[in-house]
Amino acid sequence: QVQLVESGGGLVQPGVSPRLPCAASGSIGRLYKSGWYRQAPGKERELVGSITIDANINVVDSLKDRFTISRGGFPNGHTVYLHMNNLSPENPAVYYCTALVTGLRTYWGQGTQVTVSS
């Protein structure tokens, strides 16, 4: 089993640039790809982006000018981060991370709520 724990959410002010960590633990083996998704109220869950084992980063076109993804260095290589810039009140959502690991299984975290309000 693999456990993913997102954190760093909560109430943020417009224009703030929060960073969301996602820590993976358990029987990971190799962490081939980590992803971030988000789900806004009343909307379907959507892909934000991903980072592969060889550090290729992809963020969806609508967010790539404000969001990016990184991975922690040793010994935290199983922690990935979603960096969000210039959030607005239109952006509140629950943010989820995923992990594709040895055995080609994908795991999901429980999500962390980000609410933008002044």
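Residues numbered from 1 in each chain as written. Predicted model: local features only at pLDDT ≥ 70, side-chain atom pairs only at ≥ 80, totals over all residues. Heavy atoms only, no water.

**Overview of the overall build of the chain**
- The helix and strand tally for the chain stands at zero helices and eleven strands.
- Counting helices and strands in the order they occur from the N terminus, the chain gives β-β-β-β-β-β-β-β-β-β-β.
- Taking 2.2 N^0.38 as the reference for a compact globule, 118 residues should give roughly 13 Å; the C-alpha atoms of the chain span a radius of gyration of 14 Å, in line with that estimate.
- Along the first, second and third principal axes, the C-alpha set of the chain runs to 40 × 25 × 25 Å. (Helix = DSSP H or I, 4+ residues; strand = E, 2+ residues; numbered from the N terminus. Rg over C-alpha atoms; globule rule 2.2 N^0.38 Å.)

**Some thoughts on the state of the cysteines**
- One pass over the structure, following the stated rule, counts one disulfide.
- Linked covalently through their sulfurs, Cys22 and Cys97 form a disulfide whose S-S length is 1.9 Å. Given an S-S torsion of about 50 degrees, the disulfide between Cys22 and Cys97 has right-handed geometry. Of this pair, Cys22 sits in strand β3 (residues 19-26) while Cys97 sits in strand β9 (residues 93-101), and the two are 75 residues apart along the sequence. (Disulfide = S-S within 2.5 Å.)

**Remarks on the sheet that holds β3**
- Read across the sheet, four strands follow the order β1-β3-β8-β7 without closing on themselves; strand pairing throughout is antiparallel. Sheet topology places β1 (2-6) and β7 (67-71) at the edges, where each strand pairs with a single neighbour. The average angle at which neighbouring strand axes cross in this sheet is 15 degrees, direction not considered. (Pairing = 2+ DSSP bridges. Axes fitted to C-alpha atoms, helices over the stretch in contact; angles between N-to-C directions.)

**Let's talk about the environment of Arg71**
- Its place among the elements puts Arg71 in strand β7.
- Expressed as a C-alpha distance, the spacing of Arg71 and Pro21, which sit 50 residues apart in the sequence, is 9.1 Å.
- Ignoring anything within four residues of it in the chain, the contact list for Arg71 reads Ile51, Thr52, Ile53, Ala55, Gly77, Thr79, Val80 and Tyr81.
- In this structure the side chain of Arg71 is engaged in a polar contact, spanning 3.0 Å, whose partner is the backbone oxygen of Thr52. (Contact = heavy atoms within 4.5 Å. Polar contact = N/O pair within 3.5 Å; in protein donor to acceptor, adjacent residues only side chain to side chain.)

**Concerning the packing of aromatic side chains**
- Scanning the entire structure with this criterion turns up two aromatic pairs.
- Ring geometry for Tyr37 against Trp108: centres 4.8 Å apart, planes inclined by 45 degrees, an arrangement best described as tilted. Highlighted residues: Tyr37 in strand β4 (residues 31-39) and Trp108 in strand β10 (residues 105-108), separated in sequence by 71 residues.
- Taken together, a centroid distance of 6.3 Å and an interplanar angle of 70 degrees make the contact between Tyr96 and Trp108 edge-to-face. You can see Tyr96 sitting in strand β9 and its partner Trp108 sitting in strand β10, a full twelve residues away along the chain. (Phe/Tyr/Trp six-rings, centres within 6.5 Å; stacked < 30°, edge-to-face > 60°.)

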